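Topology and contacts: notes
Residues per chain, in single letters:
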Amino acid sequence: MPQANLDHRYLARLRDHYARHGTLPSYAGIGQLVGFKAKNAAVKLASRLTVAGYLRAAPGGKLAPTARFFELPLFDSPVQAGLTASVSGQDAGELVTIDSYLIESPSKTVLLRVKGDSMQDAGVLDGDLAVVERSQSASAGEFIIAVVDGDFTLKELGYDGEQPILIPHNDRYPRIRPERDLEIFGVVRGIVRKVGKGWTGVRRTTFGGSK
């Protein structure tokens, strides 16, 4: 009976190792990590993962991850809060990386830390990371990073006739009507938030406008 291919399990261990240490182990280290006994088994595994596009050769005979190394399965089954559902490998659809999902122009993209609660009703909370694509123009309804009186602010872009206005998503804050020209720093393409046990944040973040 042929032996089952366990490369996906070995790849998962390598991903965890890279997340903890920021580097891949040596061939000997790979063997120890996945429990190989044969000396050349790690070399064969690395060769298979290289052919599959997860690893690449680096200077000095070392291994380095490719973009595909960081892909995560995107499951077709929707998440239903309050129901217990089994999630298996059969449910997995396409593979994506967070970078490829949120970032189309890396050279134009920066991360900014959100401060304050003026956008909390739109699901943008204090401490979040905003993924911002640098641009000097934006459409009404898009969330933007604007420079007002020398300070950065994250708001929805709107218009009152020809006059641009910055719209908060919290009733405690007034709309901002710039007295001078509005300087747009960039357009928000996504919000990143790390959650933990007992998190009680909002359910959904929705951005208006067109990209």
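Predicted, not measured: the structure shown is a model, and the values here were computed from it.

Quick notes on the rules
Residues numbered from 1 in each chain as written. Predicted model: local features only at pLDDT ≥ 70, side-chain atom pairs only at ≥ 80, totals over all residues. Heavy atoms only, no water. Helix = DSSP H or I, 4+ residues; strand = E, 2+ residues; numbered from the N terminus. Buried < 20%, exposed > 50% of the residue type's maximum accessible area, 1.4 Å probe, protein only. Contact = heavy atoms within 4.5 Å. Areas by Shrake-Rupley, 256 points an atom, 1.4 Å probe, with all protein chains shown as cover. Salt bridge = Lys/Arg side-chain N within 4 Å of Asp/Glu carboxyl O. pLDDT = per-residue confidence, 0-100. 1 Å grid on protein atoms, 1.4 Å probe; cavity = no way out; pocket = protein on both sides within 12 Å on 5 of 7 lines; lining within 4 Å. Points joined across faces, edges and corners; volume = space filled by probe spheres on them. Nonpolar A, V, L, I, M, F, W, Y, C, P; charged D, E, K, R; others polar. Expected span 1.5 Å × (residues − 1). Arc of directions from axis to C-beta. Pairing = 2+ DSSP bridges. Phe/Tyr/Trp six-rings, centres within 6.5 Å; stacked < 30°, edge-to-face > 60°.

Counting secondary structure elements, the protein chain contains 4 helices and 10 strands. In the protein chain, the succession of α and β elements from N to C terminus is α-α-α-β-β-β-β-α-β-β-β-β-β-β. Per-residue burial over the protein chain gives 32% buried out of 211 residues. Restricting to contacts in the protein chain with at least 6 residues of sequence separation, those with at least 24 account for 51%. Carbon together with sulfur atoms contributes 51% to the accessible area of the protein chain, which is approximately 14600 Å² in total.

Bringing the environment of lysine 108 into the picture now. Following the sequence through the fold, lysine 108 ends up in the loop between helix H4 (98-102) and strand S5 (109-113). Each C-alpha atom, one on lysine 108 and one on glutamate 133, is 5.5 Å from the other, the two residues being 25 residues apart in sequence. Beyond its immediate sequence surroundings of up to four residues, lysine 108 is in contact with Val132, Glu133 and Arg134.

On to the pattern of salt bridges, then. Summed over the entire model, instances satisfying the criterion amount to 7 salt bridges. Residues glutamate 71 and arginine 68 are paired through a salt bridge, measuring 3.4 Å at the closest nitrogen-oxygen approach. The exposure class assigned to arginine 68 is partly exposed, which follows from its relative accessible area of 32%. One connected set of salt bridges, linked through shared partners, spans Glu133, Glu142 and Arg189.

This paragraph deals with the confidence of the model for the protein chain. Put simply, the protein chain has an average pLDDT of 84, and 82% of its residues get 70 or more. Mean pLDDT values over the elements of the protein chain span from 72, in strand S4 (residues 92-96), up to 95, in helix H3 (residues 41-51). Residue range residues 202-211 is modelled with pLDDT below 50. Its contacts to residues more than four positions away, or to other chains, number 26 contacts.

A few words on the layout of surface pockets. Roughly 290 Å³ of volume is contained in the second largest pocket. Take the lining of the second largest pocket: its biggest share by element is 3 residues, from strand S8 (residues 151-160). Split by residue class, the lining of the second largest pocket holds 6 nonpolar, 1 polar and 6 charged.

This brings us to helix H1 (residues 7-21). The first and last C-alpha atoms of H1 sit 21 Å apart over 15 residues, in line with the 21 Å expected at 1.5 Å per residue. Considered for burial, the residues of H1 that qualify are Asp7, Tyr10, Leu11, Leu14 and His17. What you see down the axis of H1 is that its buried residues fit within an arc of 120°, all on one side. Of the residues in H1, the exposed ones pointing more than 90 degrees away from the buried face are His8, Arg9, Ala19 and Arg20. Taken from the residues just after H1, glycine 22 is the one with a positive phi, measuring 75°.

Looking now at the pairing of strand S1 (residues 55-58). Two elements, S1 and strand S2 (residues 62-65), share 4 bridges in a ladder whose sense is antiparallel. The residue of S2 that forms the bridge with alanine 57 is leucine 63. Hairpin connection between S1 and S2: a loop of 3 residues separates the two successive antiparallel strands, and glycine 60 in this loop has a positive phi of roughly 80°.

Going through the model one piece at a time under the given rule, you end up with 5 aromatic pairs. Ring geometry for tyrosine 10 versus phenylalanine 36: centroids 5.0 Å apart, planes at 75°, classification edge-to-face. One end of the pair, tyrosine 10, is in helix H1; the other, phenylalanine 36, is in the loop between helix H2 (27-34) and H3, with 26 residues separating them in the sequence. Through a chain of ring-to-ring contacts, the aromatic side chains of Tyr18, Phe69 and Phe70 assemble into a single cluster.

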